[in-house]
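Summary of the model geometry
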Amino acid sequence: VAEAEETGDTEPLTMVPTNLIPPTIGGYYNYYEALRNRIYWVAKDSSPKDLQGKREDVKIAFTVGDDGYLKGDPEVLNRVDEELAKAAVMAVVNSAPFPPFPQMMEKTSQMFKVIITYQ
């Protein structure tokens, strides 16, 4: 929180990092939550059966068009077991298409990153 400049304002200013999208702007947060939940349930239902007690987080990035369809292939961002990487990519692919963007998002496409935890 930064102090208000000497303009007569008594309310403090709130500083928002420019690399973050505030949850209330453009419906992004609600859309992301719905997308993430859909991927979670697909990943849960298609999890590799023999994980042998291991726990791994698969970080995956993908782009969705405003029509809800994937643009390009999902990309695994970290080094993980190959079987888990394939399962995570398939979870995203099988979750699509997603709902169309809400009009408030005002974008033609958006990149998303999610973490799928297998254990």
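Position numbers for residues count from 1 along each chain, tracking the sequence in the order it is written. Whole-chain, interface and lining totals are the exception, using all residues; otherwise, since this is a predicted model, local features are given only for residues with pLDDT of at least 70 and side-chain atom pairs are given and counted only at 80 or more. Note that the side-chain values use all heavy atoms of the structure and ignore hydrogens as well as water.

**Focus: the overall build of the protein**
Basically, it comes down to this: Counting from the N terminus, the helices are DSSP H or I runs at least four residues long and the strands are E runs at least two residues long. Categorising residues by exposure relies on relative accessible area from a 1.4 Å probe, with only protein chains included: less than 20% of the type maximum marks a residue as buried, more than 50% marks it as exposed, and the intermediate range marks it as partly exposed. Whether two residues touch is decided by their heavy atoms; if any such pair falls within 4.5 Å, the residues are in contact. Using a 1.4 Å probe, the Shrake-Rupley method yields the accessible areas, and only the shown protein chains count as cover for residues.
Per the secondary structure count, the protein includes 2 helices and 3 strands. Counted from the first residue to the last, the protein has its helices and strands arranged as α-β-β-α-β. Looking at the protein residue by residue over its 119 residues, the buried ones come to 30%. Put simply, of all contacts in the protein between residues at least 6 apart along the chain, 72% involve residues at least 24 apart. When the accessible area of the protein is evaluated, it comes to approximately 8,400 Å², of which 50% is carbon and sulfur surface.

**A word on the nonpolar core**
Put simply, the test is: The nonpolar core is taken to be a set of buried Ala, Val, Leu, Ile, Met, Phe, Trp, Tyr and Cys residues, with the residues joined through side-chain atoms within 4.5 Å.
Grouped together as the largest cluster of nonpolar side chains are 24 residues, with contacts concentrated most on Leu35, Ile39, Phe62 and Ile116. Looking at this core, the elements with two or more residues in it are helix H1 (28–45), strand E1 (56–65), helix H2 (82–95) and strand E3 (109–118). Not counting the four nearest positions on each side in its chain, isoleucine 116 is found in contact with Ile39, Ala43, Glu56, Asp57, Val58, Ile60, Ala88 and Ala91.

**Details of the pairing of strand E2 (residues 70–76)**
For clarity, the cut-off: Think of it this way: DSSP has to see at least two bridges between two strands before they count as a pair.
Across 4 bridges, E1 lies against E2 in antiparallel orientation. When the sheet's bridge partners are listed, alanine 61 is paired in E2 with glutamate 75. Hairpin connection, E1 to E2: the antiparallel pair is bridged by 4 residues, and glycine 68 has positive phi, about 95°.

Function cannot be inferred from these measures alone, as they are strictly geometric.
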